[in-house]
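Close look at the chain arrangement
Listed here are the chains, written in short residue letters.
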Amino acid sequence: QVQLVESGGGLVQAGGSLRLSCAASGGSFRWYDVAWFRQAPGKERGIVAYISRSGDTKYYVDSVKGRFTIARDNAKNTVYLQMNSLKAEDTAVYYCAADGKMKGLLLRQSEYDYWGQGTQVTVSS
């Protein structure tokens, strides 16, 4: 069973950048598809980006395309989310999630078995 820990959140001005990290322990991350979700106050948690276990398949929600990049380093058991050109509407708690069932692209939070505790991202306008 893998444990996930996010880091890298913080306060940044609009137009700035942050890099989130999701570090896994308790198992090799290479066997897991990984996604980043976010939840803003009063809103449902939704997917931001996804990366397959090999890194070959990536998905981004339309609102972050061209600004966010998901990547992984399986040797370091870590998945990253590089966030550029941040906007106030990107403010949310960001969560890392992992799934080991080999079902391919999963967009719903209910389909992920493992979650981190979340990291707050606040973008000031």
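Residues numbered from 1 in each chain as written. Predicted model: local features only at pLDDT ≥ 70, side-chain atom pairs only at ≥ 80, totals over all residues. Heavy atoms only, no water.

1. Some points on unusual backbone geometry
Of note, N77 is a non-glycine position whose phi angle comes to about 55°, a positive value. Take N77: it is sitting in the loop between β7 (68-73) and β8 (78-83). With phi around 60°, M102 is a residue other than glycine that occupies positive phi space. Residue M102 is classed as exposed on the basis of its relative accessible area, which comes to 64%. (Helix = DSSP H or I, 4+ residues; strand = E, 2+ residues; numbered from the N terminus. Buried < 20%, exposed > 50% of the residue type's maximum accessible area, 1.4 Å probe, protein only.)

2. A word on the pairing of β8
Most of β8 is tucked away, with five of its six residues classed as buried. As defined by bridge partners, strand β3 (residues 18-25) adjoins β8 across six bridges and the pair is classed as antiparallel. Within the sheet, the bridge partner assigned to S21 lies in β8 and is Y80. Pairing of β7 with β8 involves six bridges; the strand directions are antiparallel. (Pairing = 2+ DSSP bridges.)

3. Let's talk about the nonpolar core
Within the largest apolar cluster, 30 residues are counted, with the highest numbers of intra-cluster contacts made by L4, F29, W36, L81, M83 and Y94. Taken together, the elements giving at least two residues each to this core come down to β3, β4 (33-39), β5 (46-51), β7, β8, β9 (92-99) and β11 (119-124). Excluding its chain neighbours within four sequence positions, the residues that come into contact with L4 are C22, A23, A24, F29, C96, A97, A98, Y114, W115, G116 and Q117. Among the nonpolar cores identified, the runner-up in size contains seven residues, and A35, I47, Y50 and A97 belong to it. (Core = buried A, V, L, I, M, F, W, Y, C linked by side-chain atoms within 4.5 Å. Contact = heavy atoms within 4.5 Å.)

4. Here we look at the state of the cysteines
Counted according to the given criterion, the structure contains one disulfide. Between the sulfur atoms of C22 and its disulfide partner C96 the distance amounts to 1.9 Å. Disulfide C22-C96: the torsion about the S-S bond is -70°, which places it as left-handed. Of the two residues, C22 sits in strand β3 while C96 sits in strand β9, which places them 74 residues apart along the sequence. Accessibility expressed as a relative area gives 0% for C96, which makes it buried. (Disulfide = S-S within 2.5 Å.)

5. Describing the packing of aromatic side chains
Where two aromatic rings form a pair, the distance of their centres and the angle of their planes describe that pair. Evaluation of the coordinates by the stated rule reveals six aromatic pairs. The interplanar angle of 75° and the centroid separation of 6.4 Å between the aromatic rings of Y95 and W115 together place this pair among those described as edge-to-face. Of this pair, Y95 sits in strand β9 while W115 sits in strand β10 (residues 114-115), and the two are 20 residues apart along the sequence. Residue class for Y95 comes out buried when judged on its relative accessible area of 13%. Aromatic pair Y112 and W115: ring centres 6.4 Å apart, planes at 70°, arrangement edge-to-face. (Phe/Tyr/Trp six-rings, centres within 6.5 Å; stacked < 30°, edge-to-face > 60°.)

6. A word on the pattern of salt bridges
Following the criterion strictly, the structure yields seven salt bridges and no others. Residue K101 pairs with D99 through a salt bridge whose shortest N-O separation is 2.2 Å. Since its relative accessible area comes to 35%, K101 is described here as partly exposed. Through salt bridges with shared partners, one network takes in R38, R67 and D90. (Salt bridge = Lys/Arg side-chain N within 4 Å of Asp/Glu carboxyl O.)

7. Some points on the sheet that holds strand β1 (residues 3-7)
Across the sheet, which stays open at both edges, the four strands sit in the order β1-β3-β8-β7 with antiparallel pairing between neighbours. A single partner strand is all that each edge strand has here, and the edge strands are β1 and β7. Direction aside, the axes of adjacent strands within the sheet are offset by 15° on average. (Axes fitted to C-alpha atoms, helices over the stretch in contact; angles between N-to-C directions.)

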